[in-house]
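# Results of the structural survey
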Amino acid sequence: AQTVTQSQPEMSVQEAETVTLSCTYDTSENNYYLFWYKQPPSRQMILVIRQEAYKQQNATENRFSVNFQKAAKSFSLKISDSQLGDTAMYFCAFMKGGDMRFGAGTRLTVKP
Amino acid sequence: KAGVTQTPRYLIKTRGQQVTLSCSPISGHRSVSWYQQTPGQGLQFLFEYFSETQRNKGNFPGRFSGRQFSNSRSEMNVSTLELGDSALYLCASSLVSSGIGYEQYFGPGTRLTVT
């Protein structure tokens, strides 16, 4: 079974600085999808970024980028120029065949 | 375009009762997935419906069931409620079957409390 591990329960960063959230996963599959979701205090989950495992190029969405290391089964999220609105729980997720597995989450606090 | 809506937003039930939660996906989306979120177990996949058929199912007991209607709206039912069923239930919709890896858009959730 696929498992997703986020080893950092909590992190903090100063506004305008850069922070990296870690995620590793365990799978024997070759083709799958990886996601980072953000859940602000309002509780609505929002997709941050998506990566297809067959693509070697790392996904980027504005200030958010990933470092996808398929062989190492690692999928970290880098947030550049952190903003107060980035404060939230961040979940890493693995999907294969419609079954999405989430990590335990990292609570990120952006400090002014 | 309106987002995913879930009703009700909050619900209090007693052990042994049953409950039905509703989810309306984004217009045009045909896939609806359900998740349970608890502090202890985190986010867990319940099941996915696509074109009125259950496509995938997580590891939950048969007390948890669902269905999808022809307009893609979905309902989730939990029978014989237990205290451990207290959770935030999230619904997510996707344009096509989530197995293809399309983004899922989440609703605000239904907070179920079982007393």
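Here, the structure is the one placed above.
Summary of the structure given here. From a predicted model like this one, the values you see are computed outputs, not experimental measurements.

Right, let's get into the pattern of salt bridges. In total, this model carries nine salt bridges over all chains according to the counting rule given. Note that A:E52 and A:R50 form a salt bridge whose closest N and O atoms lie 3.1 Å from each other. For A:E52, a relative accessible area of 11% gives the class buried. Its salt-bridge partner being B:R63, residue B:E82 comes within 3.6 Å of it at the nearest N-O pair. Here B:R63 lies in the loop between strand 6 (53–57) and strand 7 (64–68) and B:E82 lies in the loop between strand 8 (74–78) and strand 9 (87–94), a separation of 19 residues in the sequence. Given a relative accessible area of 17%, B:R63 falls into the buried group. It is possible to trace a salt-bridge network through shared partners that takes in A:R50, A:E52 and A:K55.

Bringing the nonpolar core into the picture now. By size, the foremost hydrophobic cluster in this structure holds 25 residues, and its most contacted members are A:Y25, A:W36, A:F75, A:L77 and A:Y90. Taken together, the elements giving at least two residues each to this core come down to strand 3 (19–21), strand 5 (33–39), strand 6 (46–52), strand 8 (64–69), strand 9 (74–79), strand 10 (88–96) and strand 12 (106–111) of chain A. If you tally residues by element for this core, the top one is strand 10 of chain A, at four residues. The contacts of A:F75, once residues within four sequence positions are left out, are A:C23, A:Y25, A:L34, A:F35, A:W36, A:Q51, A:V66, A:N67, A:F68 and A:C92. Among the nonpolar cores identified, the runner-up in size contains 21 residues, and B:V4, B:L11, B:F64 and B:Y89 belong to it.

Residue and element names in this part refer to chain B. Pairing is antiparallel in the open sheet, where four strands are placed in the order 1-3-8-7. The open sheet has two free edges, formed respectively by strand 1 (5–7) and strand 7, since each of these has just one partner strand. Direction aside, the axes of adjacent strands within the sheet are offset by 20° on average. The pairing of strand 1 with strand 3 (residues 19–24) spans three bridges and is classified as antiparallel. Bridge pairing in strand 3 places T7 opposite S22.

Here we come to the interface of chain A and chain B. Counting residues at the interface gives 16 residues for chain A, matched by 19 residues for chain B. Here chain A packs against chain B, burying approximately 1,600 Å² in sum over the two surfaces, 54% of which is carbon and sulfur. Put simply, chain A and chain B have zero salt bridges between them. Listing elements by their share of the side of chain A that touches chain B, those giving two or more residues are strand 5, strand 6, strand 10 and strand 11 (99–102) of chain A.

Criteria and thresholds
Residues numbered from 1 in each chain as written. Chains lettered and ligands numbered in written order. Predicted model: local features only at pLDDT ≥ 70, side-chain atom pairs only at ≥ 80, totals over all residues. Heavy atoms only, no water. Salt bridge = Lys/Arg side-chain N within 4 Å of Asp/Glu carboxyl O. Buried < 20%, exposed > 50% of the residue type's maximum accessible area, 1.4 Å probe, protein only. Helix = DSSP H or I, 4+ residues; strand = E, 2+ residues; numbered from the N terminus. Core = buried A, V, L, I, M, F, W, Y, C linked by side-chain atoms within 4.5 Å. Contact = heavy atoms within 4.5 Å. Pairing = 2+ DSSP bridges. Axes fitted to C-alpha atoms, helices over the stretch in contact; angles between N-to-C directions. Buried area = accessible area lost by both parts, 1.4 Å probe.

Distances and angles like these do not, on their own, reveal function.
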